[in-house]
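# Chain and residue survey
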Amino acid sequence: MSNCKASCSVLLVFFIVGLCSVCQYSAAQVDANQTANLIINASISRPIPETLFGIFFEEINHAGAGGIWAELVSNRGFEAGGQNTPSNIAPWSIIGDQSSLNVSTDRSSCFERNKVALQMDVLCDSKGSNICPAGGVGIYNPGFWGMNIEQGKVYKVVLFVRSLGSINVSVSLTSSDGSKMLATANILDSDVSNWTKVEVLLEATGTNPNSRLQLTTSRKGVIWFDQVSAMPVDTYKGHGFRNELIEMLDDIKPQFIRFPGGCFIEALDPGRRDPGTLVMFGCIGLMMDLDTFEFLQLAEDLGSRPIWVFNNGISHQDQVDTTAVLPFVQEALDGLEFARGDSNSKWGSVRAAMGHPEPFDLKYVAVGNEDCGKKNYRGNYLKFYNAIRSAYPDIKIISNCDGSSRPLDHPADYYDFHIYTSASNLFSMTHQFDRTSRTGPKAFVSEYAVTGKDAGTGSLLAALAEAGFLIGLEKNSDIVEMASYAPLFVNVNDRRWNPDAIVFNSSTHYGTPSYWVQKLFRESSGANLLDSKLQTNSSTLVASAITWQNSDGKTYLKIKIVNFGNSKVNLKVSIDGLGLSSQLSESTKTVLTSSNLMDENSFSDPKKVVPAQTLVENADKDMDLVLTPYSVTSFDLLTESNSIRMPQTDSFSRSSI
């Protein structure tokens, strides 16, 4: 239309309307002539791996601390500056002035791995010459950019305290400036000369998404605090995760969860790290809050398969020589015993003591992250591979090296494939695995996303390209057995990477268009991929067809089509070998699109780009459909049969789909 306006502007006014009308008509005719045929042969199919689509969690963007982990206190142990003193206690701040209070840190904690504690020297009193101000003096913590406190909900505060005298400490949840009390309780104790664990339940009388936790007193003396925690009592299945964020994950039915990274598993200097934190297991989690035990529990709660990524002695800045990597290998073996060992074993007993006597169902591990090109990777990898395969022959081991274009030079069950690129490039990668060898290890596309200017902070354009790429993975699921988007979460107050699937702050959240694309593919894992042929001259259309069963045992035909072009498409669908039900209320059409390719969701408009669902009234073996420009369309059509004939795999033609 812009070209029409430019050409019409030089003509007389009375010609403008007529000429532009012709232009509009011509454009409409072009749209009408954009046609395609999708021919589906349901008598030829093959199973899609149950593991195909899952999630990848990495501690980036405050995804964990201040994110999915429901802990409200930031810097619980006053160790933001490390193990040395004086330590950085931020974001803790002081209530009172130098005449009433001195705050410092020392190494007197009862926790051997976290020796720093906070010392609060209270100089004022409730009587005498130096009277404490109203409300007392002390410290407060604003959490991760504000604590979300909701009226009627109960919060559990746990802390460790020590003092040479009796104490009277108020534990309170307040507004951000402390002026409004939302909940409070007192800790009264005459003997806390040794470190004492104290638990307090607080029921909020008001709501404030920007609250803080206060520890205050009006009694003179010296008090030490350490490991201060505040969490809502109501967490996901009672295991410490933020309900609404994990429910977003549950909604996309992830078949696996890869954790904890990513680059997060790579120490800045592996030779100087505590080996326990390199593998991150077990009792280390007692002080780190969110750790391997919690991830294994989360995977179990979601019904997902855990995929544990080990550090292999390589960091961004340094490498452990293969001759010295055996301590790292032993860490991995200890970690596996923690996850899978009998409750009477050394590390299995630690897991049991943490509340999970039965072993976790851990059957996948990855050795390193994006380390294939580094000097010591293959040597280190083989040490891990041989040790793990010997001790746990059923565990599948994932190599960092890409085997999609050439064979690996080392043994592996899976190879890792990462891709971050532009929208046009990712969409063109729909056929990335078409010619990949079907012998040897399977592919794990553990990180993919559109990035750069095409993505913004989560655009429709990015989501459309990703949908096209996922259709390609679906069609190549005989070689690609797992795939996950990255990154998963971002706290808007610490955005380190764009885009992300789920955006949140202390109180609200929303899914980006990329999240909603993942939800459109949630039925693919474990479904049957049907033989389908898309007949079109367009390079901007991709489609697939699957059958899947819901929880009631009803079988649906799901047809997904991505229109990556700027014209509508008239699509003729022909289905052979499968009858469709005449029940109009059971078949649906879901479309993800928007008025602008760069449209995004936001806190002010969280549903600007979300799927819209309508009933399909003309479901039949032959259908004429219209595809919106720049859209993902998914049809879920109830079938007449609950079973699909399964032929031999070699009768299935990849080229036909």
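So, here is what we can say about the structure in this document. (Residues numbered from 1 in each chain as written. Predicted model: local features only at pLDDT ≥ 70, side-chain atom pairs only at ≥ 80, totals over all residues. Heavy atoms only, no water.)

### Quick look at the overall build of the protein
What counts, and what does not: Runs of E in the DSSP output that reach at least two residues are strands. Runs of H or I that reach at least four are helices, and both are numbered from the N terminus. Only protein chains enter the accessibility calculation, which uses a 1.4 Å probe; a residue is then buried when its area is under 20% of its type maximum, exposed when over 50%, and partly exposed in between. By definition, residues are in contact when any of their heavy atoms lie within 4.5 Å.
Helices and strands together make up the secondary structure of the protein, namely twelve helices and 31 strands. For the protein, buried positions account for 55% of its 657 residues. If you take every contact in the protein between residues at least 6 apart in sequence, the share linking residues at least 24 apart comes to 75%.

### A closer look at the sheet that holds strand β16 (residues 364-367)
The strands that make up a sheet pair up through hydrogen bonds in the backbone, lying either parallel or antiparallel. Let me state the cut-off plainly: Here, strands pair whenever DSSP counts at least two bridges between them. Axis lines are fitted to C-alpha atoms, over the contacting stretch for helices. Their N-to-C directions set the angle, which ranges from 0 to 180 degrees.
Strand order in the open sheet made by the eight strands is β2-β14-β15-β16-β17-β18-β19-β20, with parallel pairing throughout. Of all strands in the sheet, those bounded by a partner on one side alone are β2 (55-56) and β20 (480-485). Packing against the sheet, helix α11 (residues 460-475) makes contact with β18 (414-421), β19 (442-450) and β20, and its axis sits at approximately 170° to β19.

### Section: empty space enclosed by the protein
Test applied: Think of a 1 Å grid over just the protein atoms. A cavity is a set of points where a 1.4 Å probe fits yet cannot get out, a pocket is an open set with protein on both sides within 12 Å along at least five of seven lines, and lining residues have an atom within 4 Å of a point. Grid points are joined across faces, edges and corners, and a volume is the space filled by probe spheres set on the points. Amino acids are sorted into nonpolar (Ala, Val, Leu, Ile, Met, Phe, Trp, Tyr, Cys and Pro), charged (Asp, Glu, Lys and Arg) and polar (every other residue, Gly among them).
Inspection of every chain in the model, using the stated rule, returns three cavities of 30 Å³ or more. Empty space within the largest cavity amounts to approximately 110 Å³. Tallying contributions element by element places β20 first for the lining of the largest cavity, with three residues. Across the lining of the largest cavity, the residue classes tally to eight nonpolar, three polar and two charged. The space that makes up the second largest cavity amounts to roughly 40 Å³. Together, Phe 56, Phe 57, Glu 58, Ile 60, Ala 63, Pro 487, Leu 488 and Phe 489 line the second largest cavity.

### Description of the packing of helix α7 (residues 326-340) against helix α8 (residues 346-353)
The geometry of a pair of packed helices is captured by two quantities: the angle between their axes and the separation between those axes. Just so we agree on the cut-off: Here is the rule for angles: anything less than 35 degrees is roughly parallel, anything more than 145 is roughly antiparallel, 65 through 115 is roughly perpendicular, and the remaining ranges are oblique. Should the near helix be turned counterclockwise from the far one by less than a right angle, the crossing is left-handed, whereas a clockwise turn marks it as right-handed.
Interhelical geometry of α7 versus α8 gives an angle of 45° and a closest axis separation of 7 Å. With respect to α8, the element α7 is oriented oblique. The handedness of the crossing between α7 and α8 is right-handed. Touching Asp 334, Glu 337, Phe 338, Ala 339 and Arg 340 of α7 are Lys 346, Trp 347, Gly 348, Val 350 and Arg 351, all from α8.

### Describing the sheet that holds strand β23 (residues 509-511)
The three strands are arranged β21-β22-β23 in an open sheet whose pairing can be described as mixed. In the strand order of this sheet, the two ends are held by β21 (489-491) and β23, each with one partner. When the angles between neighbouring strand axes are averaged without regard to direction, this sheet yields 20°. Here β21 runs beside strand β22 (residues 502-504); their pairing, made up of three bridges, is parallel. Considered in β22, the bridge of Asn 491 is made with Phe 504. Contacts from helix α3 (residues 243-250) reach β21, β22 and β23 within the one sheet, and its direction differs from that of β23 by about 10°.

### A word on the environment of Pro 133
Mapped onto the elements of the fold, Pro 133 is located in the loop between β5 (117-122) and β6 (137-141). A residue is classified by how much of its surface remains accessible, and Pro 133, at 40% relative accessible area, is partly exposed. Spatially, the C-alpha atoms of Pro 133 and Thr 217 are 9.9 Å apart, while their sequence positions differ by 84 residues.

### What to know about the nonpolar core
For soluble globular proteins, nonpolar side chains are generally found buried alongside one another. For clarity, the threshold we go by: Among buried residues, the Ala, Val, Leu, Ile, Met, Phe, Trp, Tyr and Cys ones that are joined through side-chain atoms within 4.5 Å form a nonpolar core.
Counting 106 residues, the largest nonpolar core has Ile 68, Ile 388, Phe 433, Val 445, Phe 469 and Phe 489 as the members making the most contacts within it. The leading source of residues in this core is α11, at eleven residues. Sequence-distant contacts of Val 445, defined by excluding residues within four places in its chain, comprise Phe 417, Phe 433, Phe 469, Leu 473, Val 480, Met 482, Ala 483 and Ser 484. In terms of nonpolar packing, the next biggest core, distinct from the first, is built from 39 residues, Leu 101, Cys 132, Val 161 and Leu 202 among them.

### Here we look at the packing of aromatic side chains
How two aromatic rings sit relative to each other is set out by the distance from centre to centre and by the angle between their planes. The following threshold applies: Working definition: rings of Phe, Tyr and Trp (its six-membered ring) pair if their centres are within 6.5 Å, and the pair is stacked with planes under 30 degrees apart, edge-to-face with planes over 60 apart, and tilted otherwise. Each ring is checked for a lysine NZ or an arginine CZ that lies within 6 Å of its centre and within 35 degrees of its normal; such an atom marks a charge sitting over the ring.
Scanning all chains against the criterion turns up 23 aromatic pairs. An angle of 20° between the planes, with centres 5.1 Å apart, marks the rings of Phe 259 and Phe 295 as stacked. Here Phe 295 lies in helix α6 (residues 292-302) and Phe 259 lies in strand β14 (residues 256-259), a separation of 36 residues in the sequence. Take Phe 295: its relative accessible area is 3%, and that puts it in the buried class. Three or more aromatic residues joined by ring pairs make a cluster, and in this case those are Phe 57, Phe 259, Phe 295, Trp 308 and Phe 310. Directly above the aromatic system of Phe 56 lies the positively charged group of Arg 258, at a separation of 4.4 Å from the ring centroid. Lys 560 extends its terminal NZ or CZ atom over the ring of Phe 521, reaching a point 4.8 Å from the ring centre.

### Quick notes on the environment of Leu 408
With respect to the secondary-structure elements, Leu 408 resides in the loop between β17 (396-399) and β18. The contacts of Leu 408, once residues within four sequence positions are left out, are Ser 399, Cys 401, Asp 402, Gly 403, Tyr 415 and Pro 441.

### Points about the side chain of Thr 174
Definition in use: Think of a polar contact as two N or O atoms within 3.5 Å of one another; within protein, one of them needs to be a possible hydrogen donor and the other a possible acceptor, and neighboring residues in sequence only count if both atoms come from side chains.
Structurally, Thr 174 can be placed in strand β9 (residues 167-174). Within the local environment of Thr 174, its side chain forms a polar contact with the side chain of Gln 214, the two groups lying 3.4 Å apart. With residues up to four places along the chain from it excluded, the contact list for Thr 174 reads Lys 180, Met 181, Leu 182, Ser 211, Arg 212 and Gln 214.

In short, shape yes, function no, at least from these values alone.
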